[in-house]
Structure formats: structure tokens, C-alpha cells
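A look at the structure
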Amino acid sequence: MNRNLTNTFFIILISFLPLTALAQTKVYKGIIRDKQSDEPIPFAAALLKYAQEGALSDSSGKFTIISNKVYSNDTLIISSVGYKDAFVPVSFIKDSGAIIIKLEVKPPAYETVVKVKYNRALWFWKKIMQHKPNNDKTKWDNYAYEIYNKLEVDLDNVNKSKLSQNKLLKPLNFVLEFVDSTSEEKPFLPVYITETLSDYFYQKNPRKIKEVIKATKTNGIDNESVIKNLGGMYQNVNVYDNFIPVFNKQFISPFNSNGDNYYNFKLLDTQYLSKKRLVHFRFTPKHKGGDVFEGDCWVHDTTFAIQKITLRPAEDANINFIGGLSLIQEFRLVNDTTWFLYKDKFVANITPLGGEKIALKGRKTTTYKNVVLNADTTVNVLAKNRLQEQVDLLPNTDNKPDSFWQKSRHEELNKNEQTVYRVLDTLEKNPTFIYYRNLTNFITTGTKDIGNIRIGPWYYWYTGNNWEGTRLRFDVATNYGFNKHLYLHGYAAYGFKDATWKGFAEAKYLFKHDPWTYLKISYRNDLDNGQVYYDQLSTDNIFAYLFRRPNIPFKFQRAEEKKIEYYQETTSGFHFGIGANSRQFEPLENLPDKSYFTTTTGNPLNSFETFVRLRFAYLERNIEDNFLRVSLGSDYPIVDVKYTHAFPNVLKSSYTYDKLDFSISDYLKIAPYGKLYLNLFAGKIYGTVPYPFLDIQPGNEMYYYNSYAFNLMKRFEFITDEFAGFNIEHNIGNGLFKFIPLTRKWKFRQFWEAKGVVGNLSHANAQLNFVGNYPFQSLDGKMYMELGTGVDNIFKLFRIDFVWRVAPTTPTKQPVNKFGVFGSFRLTF
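Residues numbered from 1 in each chain as written. Predicted model: local features only at pLDDT ≥ 70, side-chain atom pairs only at ≥ 80, totals over all residues. Heavy atoms only, no water.

**Section: the pattern of salt bridges**
When the charged atoms of two side chains with opposite charge come close together, those side chains can pair. In this structure the tally under the stated criterion is 41 salt bridges. When the shortest N-O distance is used, the salt bridge between Asp-291 and Lys-249 registers 3.5 Å. Remark: Lys-249 occurs in strand β12 (residues 249-252) and Asp-291 occurs in the loop between β14 (276-285) and β15 (293-300); sequence separation between them is 42 residues. Neither residue differs from the other here; Asp-291 and Lys-249 are each classed as buried. When the shortest N-O distance is used, the salt bridge between Lys-502 and Glu-468 registers 2.7 Å. Of this pair, Lys-502 sits in strand β26 (residues 500-513) while Glu-468 sits in the loop between β23 (462-465) and β24 (469-478), and the two are 34 residues apart along the sequence. Of the residues examined, Glu-468 reaches a relative accessible area of 1% and is grouped as buried. Salt bridges sharing partners connect three or more residues here, namely Glu-468, Arg-471, Asp-498, Lys-502 and Asp-526. (Salt bridge = Lys/Arg side-chain N within 4 Å of Asp/Glu carboxyl O. Helix = DSSP H or I, 4+ residues; strand = E, 2+ residues; numbered from the N terminus. Buried < 20%, exposed > 50% of the residue type's maximum accessible area, 1.4 Å probe, protein only.)

**What to know about the packing of aromatic side chains**
Two measures describe an aromatic ring pair: the distance that separates the ring centres and the angle between the ring planes. Taken as a whole, this structure holds 63 aromatic pairs when the rule is applied. A ring pair is formed by Phe-710 and Tyr-784, whose centres lie 5.2 Å apart and whose planes are at 75°; its orientation type is edge-to-face. Placement of the pair is Phe-710 in the loop between β36 (695-696) and β37 (719-720) and Tyr-784 in strand β40 (residues 783-794), with a sequence separation of 74 residues. The pair Phe-710 / Tyr-784 is uniform in exposure class, with both members buried. (Phe/Tyr/Trp six-rings, centres within 6.5 Å; stacked < 30°, edge-to-face > 60°.)

**Focus: the pairing of strand β42 (residues 819-825)**
Residues Gly-820, Phe-822 and Ser-824 line the buried face of β42, whereas the alternating positions Phe-819, Val-821, Gly-823 and Phe-825 sit on a face that is not buried. Where strand β41 (residues 798-807) meets β42, 7 bridges bridge the pair, whose relative direction is antiparallel. If you follow Asp-801 over to β42, its bridge partner there is Phe-822. (Pairing = 2+ DSSP bridges.)

**Focus: a nonpolar patch on the surface**
The grouping of Ile-453, Trp-458, Trp-461, Tyr-462, Leu-472, Phe-474, Val-476 and Phe-496 at the surface amounts to a nonpolar patch, some 700 Å² of accessible area in total. If one sorts the elements of the nonpolar patch by residue count, β24 sits on top with 3 residues. As for its placement among the helices and strands, Ile-453 is situated in strand β22 (residues 453-455). (Patch = residues over 30% accessible without salt bridge, like charges linked within 9 Å, V, L, I, M, F, W, Y side chains within 5 Å. Areas by Shrake-Rupley, 256 points an atom, 1.4 Å probe, with all protein chains shown as cover.)

**Describing the sheet that holds strand β5 (residues 75-79)**
Reading across from one edge, β3-β2-β5-β6 is the order of the 4 strands in this open sheet, with antiparallel pairing throughout. Strands at the two margins of the open sheet, each flanked by one partner only, are β3 (54-56) and β6 (86-89). Ignoring strand direction, the axes of neighbouring strands in this sheet form an average angle of 15°. Sheet topology places β5 next to β6; 4 bridges connect them, and they run antiparallel. Of the residues in β6, the one forming a bridge with Ile-78 is Ala-86. (Axes fitted to C-alpha atoms, helices over the stretch in contact; angles between N-to-C directions.)

In C-alpha cells, the structure reads:
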């Protein structure tokens, strides 16, 4: 043979030697996980490309391949339905330990479904639905279990080199040593973790729920109302429900009664787990732009019960700031007959800056243990409930030693979770971190605690108007460090144009947190800034100064008010309050002067009122902060009734009248058609009184949209002594925008609103008040109405309202705008 030909053949032979099996045995071990949720992927295929040997992962995502054919350039191929294949060179796999391989979800394609006479996947879905009542835990008369809840927060996409060069963060560079960075995944920094352990009890009829929180590790959170929300009471997700909550949105479950209208189904394969045959069942969205999931589940082929399910919002679902989200539930057999929830995992990548920028990753893991079904002990515990839904926080829950947690946790902390505690211990001793944390809190909340004193909000410090010119205001209050029951608060304000001091002072004594009970006295001497609702802009801050509409005359009056009120809630949802107040008004600009309202007794525009208030808010949830409380709403309508009687000759008062006010409001979740807010209100005054004591219908003179006022009505435009009205707002979600590719991509949302009021003013009250330079008028029994629509979720922050004034449109005392454009901003998922 020619030498050159021989050499060539030898070189070719040598180049193929890596593909030749060596006479040895090699063991490959690995764990297959979901890249976003870090959840093990069961029954995934691991295959050596050249050796053609492989294995399936078990229920923990683990696999082992023992190969008698070893190729140095072989590749391990990992595949699972719904995921992109992963290719790992065997040279990356170490001889010791198991390699962790993370698979990335493959976005589902919107398939054209070909109709066939027999669709086996649809038949299987119908069998699941047929057995749904038997597999849903709500079938039981009662049940109880122990809950272990763990919530971890990480900083994702951490760039160590950039952060280490940041001058502001240099004092915190030591934290970057805790960054978990490997060649397979993006670096992240574990920053926060909470743990709770509780006992949970449920009874179907009559419905009662109780949670007893036995232990907590909250790392700085000492607000009891917040801690109660970290347990299991308000975090239950039932995959058998028709709708599944994801943050503040309702997603259509694949096991919705009409789920086949929203999903395509596919049968994949079958596997055995603990001698139980499981069917792999996949679901994908049928249409674009809906609030639906894609994912898969393993279903027991005999009972048609779900053994494990993974839900992910569809790629084009209308949800903000989410770079990835997984909801995983795993069920286990109880008494070898009932599939009951064992593990609940929720993982969300929150990306407010978008793209590959630094982000947050939240992981909530809940496990359920010691499940008891239809037991008399559960009934006996719930018989002692004061409320239908009750959360009890046992004393000293946050003082448990590490030995207690090591024994009581349902599962051990992993490496990342252990790192969190080390990071937190280090940061809490670092003055730079404490400074940045306090600064962030001050900017976002407006207030700052200095010892036992709280100053702010800062957005009241500087503003201005035509009457006062530049206005400065400073607030000071006490916090819980001063006294656990006594709250003191006040402010002083000064206008440089009118050269006058104003102020406010109050003292509140909180008898009980649960049920909420207090006594409050207050004194105010300031400009009357009109009716302000809890989540709207008042006229006394810098933002109102910037957003005020031009060419609308200011209307100023000064109010001096002394008030005392006792308020008490009950465990049944009924709340009541009684009180008295003295009010003295002095018109300043563009309102009838008090000289028009001469009286035979007392001072003009001076009243003394007593009132009784009844409120019904069934199962209302609240968050407390420093003696103040914010309602998180109720699943039931909230009713408010108030009766007021005014006495003359008390603290120089001049008038006698009676007043009734009524309101009922409700937030209705009408998925898949969004949410509906409905408010009905009415009131009547018996007596003849000046305008400050009549019902002044709420107007809005800013470009900032006010949800609870009439936005094309001016302040003091309509006064009434009897009225009835409504306020409706329907947030549809993506609505029509989901049919347009560009607006679907931008996640625009649609809404409409309607507001109206029918009012009247008696002849006697009209004669008394239509004097001087009066700006107001009567509705004369007719309706004021405005309609609106617009675009919400612009850049995930802004909302634009287009509002039409339908009636009345004829100008009288004040010019009428028949159409207006308003803006507002809000952060929402």
C-alpha cells in the first residue's frame, strides 16, 4: 500500500478513535429540574447520543445511567415534553456527585385543531371532570393538617463586577461573596426568607376555618396583621376550582367547567409510581391573549385524581412584571384511598426593569402534614371560633430556638435557604444597609421613624394655592415605641401669602386590636380641602398642586372642627361608632360670605352634631400600621349607615337638623370578564341649613382621575339636601385589545365606568343659599351623569380616562366641560 495512502488512512482512523467504545464501565448521575421553578422534572429522558443508552428520571428528577460503552466526545441529551432539549457534553460530568441539569420551558404553539370523531384527550379530560367532585378536598365535611410555609426572595441576574464598582454599594461588597454563580445558570443572591408553622382546621357546613400559627421566623417583620397573612389562611389554591388566583387576577383553570372552550388537551405517555399507573396529560391555550395557563399534570388512571400538576401563565397572558411563573401542586395518598394535597409551590420571577436586568425571584413552598379527615376533633376545635374565618397567633411564636426548627420543618433548608440567614444576619449589623433600607422606606411611604417619633409624609411639606401662596406643612406622630395604645399626631402649616398658621392635633387610644376598638379626640383649624377618599389625591400636597386644571376658580373656606368619636368592631362583622363634633366655617374666596347667614342664636355657619354610625363588613381583611388600618376588602358587600342630629346653642351652634346617609359597595370578581366595582349611595337632610352642612356633591378639579368623585363636575357645583346615586367601574382586562397583536404585546387593558346622581334642593334651602357670589346650583330632581372608558396598563403603570358629561350639559353658574381626559398611575400585576 502506498505510504501516503497508509498515513492518510491512519490519520482518519485516529480521528474516529473517540467514537470507539473503550473497554470500561461509566456511571452518569444527574438531577433534572425546571429552570424557572427549580422543581424536579419526573420521567424525563436522559440519553447518551453515541452509546445509545439512557434512563428516565424518577419522581425526584434523579437519573442514573450505567454505560458499558464510553465515548470521550459523547453528549448527554435530556428531553421532556414541554421543554427544550438540553445537550451536555459528558466531559462536563464529574465522576463524583450528580450534575444538575435545568430545562427551559418551550413556549406552546397555537395549534390548528382538526376535528375528529373521537378525541381521546378530550375524553380523558371529561373523565377528570366527572370525578372532580370525588377528588376535590371540599367534598369532606371537615379536615385538618399541619402547614409549613416558607417564603424566599432572591435577587436574580446579579452582575458582581458592575455592583462591586458602584460607589454607593461598595460598603456592601462583602454581600457579593454570597452570590451563587455557576456556569449553568445566571447568578443570584438570596436576600430574604420567612418561615411559619401552623395548624389548620376546615369545616364545610356551617363553614368555619381556623388557623393557629405556632411558630414564625419573620426576620424583622413584627407587624401582627402582616404575619397572619403569611400562614395558610389566605394562600390556598385549589386546582380543581374553576378559576385560580395569580396575584390580583383570576386565571381560568384547565379544569374549569368550560375548560374545553379555552384549552387544547393532549395525552402523552404513562408511567408507574409506587405501583400506581399515572397518565401524562398536557394542556395548552386554545386562543391568544387569554388569562389561561399552559402546563401538564400526572393523573391516576383509576380515580382520575391529579397526582402532580404544573401551571404556567400563557406566554401572552395579560400580567405585569412577570418574567416567569410556575404553580406546582403535588398530591399523596392518605389512608391509601384519597389523593390529598401534600405540597404547594409558587415561583415567580418579578422583572420590573424587564429583560436581563436585575430582578426579584420569589419562592413560596407550602407542605401539608398529619392530614385528618372527617374527625370530631376538628369539629370541637372549630366550635370555639369567634369568627367564621379566624387566625390566631400564639404568644412567643418568634422565639423558637434553631433546635425547634430543625425538628419541626417538614423539609430541610437547602444551601440557598441557609445562605439567606447568613446574609440577613450580616446585613442587620451593617450601618450602610440600614441607612439605605430606611431611605427607601422614607421615599416610598413618605414617613420616617426617629426613635419613638414618626415624621412625614414628605409630600405634604411643600405645596401652594392662590389663597395661601407657598404653603409649608410638617407632621409629627408617635409610634408603637412611644406607647402600645396611645397615638398622638399633629401638624402645623403656614401660608406665606395669607400669613396665617393652620394646624391639626389628635389623640387616639386603641383599646383592642382585635376587635378594633378606639376612642379619638381631634382639633383642626385649616382650609377645608374637601372630601378626600383613602386612595385618592387630596388638595393639600405637591402632586395636587402640579395636576390642577387651569381656568377653574379656587373656592376657599376655613374650617375649625372639634371632634370626639368612639368606634368598636364586633366579631360578627358589625361595627358601630358614636360621636360628636363642633364645626365653624369661614368663607374666604368665591363662596357666599357668612354675613348672608345671620342667626338669632349662636354664630353663623356654626353647628354642633352628634352621630351614630353602623357598618357591616363581613370577613373584611385589614393591614395595620402604627395605629392606622387599611382595608384589603371583603368578598361580601360592605354596608355603611350614618345618622346625624344637630343641636343649637351648644358651643355657639346655630342650627338644628337631621341627616341620614347610606352606602353599599362591593367588588365582584366576574372571571373571565374581569372585576366589577359597584357603589350605591343615598342621603337626606331634614332641615334648613347653610351650604357647608348640606351635601356638596364631590367634584374633581385636577387632571388626576378620581375614582370616587364626578370628574367633570366642579367643587361646589351642585348642592343637595336629598340625593341617590351610583358608581360603577368594570375592569374587563385585555378585552378587545387581545385581538390586536400590538396592543396584546403591550398588555393594554380595557375598562368602562358610569357615575350618576339624582338630587334635589328644597325651596327653603335654595332661598337661604343662593345668595351673593354663590357658585352652586340644584339638580332640581334631575340626574347628573358621566360615562367613561379608556386605556389602562400603559407602560404597566399609567391609565388614561376619556370621560363624557352626559347630563346636565347646559352651563349655569359655572362653565361646563362636556368631555375631559384624565390620567392616573398605579402599580398592579
